[in-house]
Amino acid sequence: MATVLFSVMLVLVKLTGERGIALPETLFFRQALPALAILGWLVARGQVARLKTQRPWIHARRALIGGTGMFLTLGVVRLLPLAEATILGFTTPIFAVILSATFLKEKVGIWRWTAVIMGLLGVLVIARPDTSSLPPFGVAVGIGAAFMVALVTVQVRDLGRTEEPLTVVFYFSAFSAPVLALGLIGQDLSHDLIGWAMLIGIGISGLFAQIAMTASLRFGSVSSVIVVDYIQLAWATFWGWLIFDHLPPGTTWLGAPIIIGASLLIAWREHLLARTRQRAPLAA
């Protein structure tokens, strides 16, 4: 459900860009509407206490990193075709391996380092730096978005141990919406009915997509969630063809399996390591 809703949200983001709606306004509606919707729903049910948390600073840090990642994730959709932007997002597990080795000092073996090299090779194939097929700035934004999402995924996984999905989503939106409101200064906020409907649709689809993804990270392992996430490529390709009359070129179809294969290799290796860690206490 998360992959379908995320793909719908990205389509709406791209369409608002074509209608001249500024990205800061799109970001604000993406965050403000979910916060208001969750708060209103809990007030109506008399369940505001569900928002109680003992980790406000962790939520604030998640909002800062997540807000930056969201700016890049939504921004790359306006710079690149949907399929290419989505494929670059699949490099997130690759950056997760690099981060774990660099900052967490986790031991990374030959299998995962091989996957990292494979993924970077896939990016080079899709980007085709020797041609002008894709704007280099757009590719850089896409890679930056994947890096930030890798950071966010680890944080959401940590928050999911003590917070329910609704709480995590609410604080992400509530902390970031006031900051994003500053981006509305000087913007032309006059839109027609279709424009307003698109902005509201971004907020609603983003809300339920984020709840679904947060729940999946709470009840399933990161590696299993990553595997299912590849369904989003099919949706991105379909929407790109149906709405924007774009089908990815041959190099994209060549590079995509390399990146996906690298990510699946990482997921497979993480699964084996998790099983080994579970068996160790039993053996002892």
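Coordinates for the structure precede this section.
On a predicted model such as this, the values are computed, not experimentally measured, just so you know.

Peer 1: Can you tell me about the packing of helix α2 (residues 23-45) against helix α8 (residues 165-181), naming the residues and giving the values?
Peer 2: Put simply, α2 and α8 touch, their axes get as near as 8 Å, and they point 135° apart. With respect to α8, the axis of α2 lies oblique. α8 is crossed by α2, and the crossing has left-handed handedness. Contacts from L27, F28, Q31, A32, P34, A35, I38, L39, W41 and L42 of α2 reach α8 at L166, V169, F170, F172, S173, A174, S176, A177, L180 and A181.

Peer 1: Go over the environment of L189, please, and point to the residues and values.
Peer 2: Tracing the chain through its elements places L189 in the loop between α8 and α9 (193-219). Under the relative-accessibility criterion, L189 is labelled partly exposed at 38%. C-alpha of L189 to C-alpha of A22: the two residues are 167 residues apart in sequence and 9.1 Å apart in space. Not counting residues up to four positions away in its chain, the partners in contact with L189 are E25, L184 and W196.

Peer 1: Break down the side chain of S205 for me, with residues and values.
Peer 2: Residue placement: S205 occurs in helix α9. Reaching out from S205, the side chain makes a polar contact with the backbone oxygen of I202 at a distance of 3.3 Å. For S205, the contacting residues outside a window of four places in its chain are L5, M9 and L12.

What counts, and where the lines are drawn
- Residues numbered from 1 in each chain as written.
- Predicted model: local features only at pLDDT ≥ 70, side-chain atom pairs only at ≥ 80, totals over all residues.
- Heavy atoms only, no water.
- Axes fitted to C-alpha atoms, helices over the stretch in contact; angles between N-to-C directions.
- Helix = DSSP H or I, 4+ residues; strand = E, 2+ residues; numbered from the N terminus.
- Parallel < 35°, antiparallel > 145°, perpendicular 65-115°, else oblique.
- Left-handed = near helix turned anticlockwise from the far one by under 90°.
- Contact = heavy atoms within 4.5 Å.
- Buried < 20%, exposed > 50% of the residue type's maximum accessible area, 1.4 Å probe, protein only.
- Polar contact = N/O pair within 3.5 Å; in protein donor to acceptor, adjacent residues only side chain to side chain.

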